[in-house]
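# Breakdown of the fold
Below are the chains, spelled out letter by letter.
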Amino acid sequence: MSKDQITFNDLPQVIAELRDEVSGMKALLLNLQNRPTQQRENRHRPVTPEQVAEYTNIPLATIYQKLANREIPGSKPGKRWVIYLDEIDKWLEANRKNPIPLTDEEQNAAILASHKRKPNKSSWQTDPIVEPSKK
């Protein structure tokens with residue numbers, strides 16, 4: 001309906017359109033509810049140092065060295081190391097050299113912060129420099 005005002009004679013047609021829209025929305029919601037949800041993989045599972053070396057492409061000797069130095073999160077309750085994959089992911093994120101890409105809002109805030117006026121060097125000093133008197 002393109003009219004701004006609805007008359008009494010238009011009510012049956014308007015109600016039929018509304019009924020069709022509501023039934024379409026109901027079908028869409030039912031479809032979304034019945035859609036199988038994607039299960040997230042359980043990342044908190046123990047892995048061996050060999051699997052960590054394969055996962056991270058770090059040599060196995062380096063993995064054992066970092067485990068012994070407590071650089072990689074892991075424990076050794078007996079003879080074997082117990083390492084959790086989600087902790088390896090966190091360790092890799094914490095040790096990244098290049099920063100995580102910023103969102104648009106964070107980039108704008110960083111740009112605005114970098115363009116603020118810097119104080120003059122003379123205002124950094126709390127006490128004025130007193131020159132020694134000449135004799």
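Figured I'd write up the structure that's included with this text.

About the criteria used
Residues numbered from 1 in each chain as written. Predicted model: local features only at pLDDT ≥ 70, side-chain atom pairs only at ≥ 80, totals over all residues. Heavy atoms only, no water. Helix = DSSP H or I, 4+ residues; strand = E, 2+ residues; numbered from the N terminus. Buried < 20%, exposed > 50% of the residue type's maximum accessible area, 1.4 Å probe, protein only. Contact = heavy atoms within 4.5 Å. Areas by Shrake-Rupley, 256 points an atom, 1.4 Å probe, with all protein chains shown as cover. Core = buried A, V, L, I, M, F, W, Y, C linked by side-chain atoms within 4.5 Å. Salt bridge = Lys/Arg side-chain N within 4 Å of Asp/Glu carboxyl O. Arc of directions from axis to C-beta. Axes fitted to C-alpha atoms, helices over the stretch in contact; angles between N-to-C directions. Parallel < 35°, antiparallel > 145°, perpendicular 65-115°, else oblique. Left-handed = near helix turned anticlockwise from the far one by under 90°. Nonpolar A, V, L, I, M, F, W, Y, C, P; charged D, E, K, R; others polar.

## Some remarks on the overall build of the protein chain
A count of helices and strands for the protein chain gives five helices and two strands. The N-to-C order of helical and strand elements in the protein chain reads α-β-α-α-β-α-α. Burial status across the protein chain gives 13% buried among its 135 residues. Counting contacts in the protein chain only where the partners sit at least 6 residues apart, residues at least 24 apart contribute 42% of the total. Split by element, the accessible area of the protein chain, about 12600 Å² in all, is 55% carbon and sulfur.

## A closer look at the nonpolar core
Val47, Val52, Ala53, Ile58, Ile63, Leu67, Ile72, Trp81, Ile83, Leu85, Ile88 and Trp91 form the largest nonpolar core, which has twelve residues in total. Where this core is concerned, the elements lending two or more residues are helix 2 (49-56), helix 3 (60-68) and helix 4 (85-94). Not counting chain neighbours up to four residues away, the residues in contact with Trp81 comprise Val47, Pro49, Tyr64, Leu67, Ala68, Arg70, Gly74, Ser75 and Lys76.

## Thoughts on the pattern of salt bridges
Summed over the entire model, instances satisfying the criterion amount to two salt bridges. The salt bridge partner of Lys66 is Glu71, with a shortest N-O separation of 3.1 Å.

## As for helix 2
Burial in helix 2 covers these residues: Pro49, Val52, Ala53 and Thr56. One face of helix 2 carries all of its buried residues, which in axial projection span an arc of 100°. Taken together, the buried residues of helix 2 touch strand 1 (46-47), helix 3, strand 2 (83-84) and helix 4. Positive backbone phi, at 60°, marks Asn57, one or two positions downstream of helix 2.

## Some remarks on the packing of helix 2 against helix 4
The N-to-C vectors of helix 2 and helix 4 enclose an angle of 40°; their axes lie 11 Å apart at closest approach. It follows that helix 2 is oblique to helix 4 by the angle criterion. The two elements helix 2 and helix 4 meet at a crossing, and its hand is right-handed. Counting all contacts with helix 2, which are made through Val52, Tyr55 and Thr56, the residues of helix 4 involved are Leu85, Ile88, Asp89 and Leu92. Considering only residue class, the contact of helix 2 with helix 4 consists of five nonpolar, one polar and one charged.

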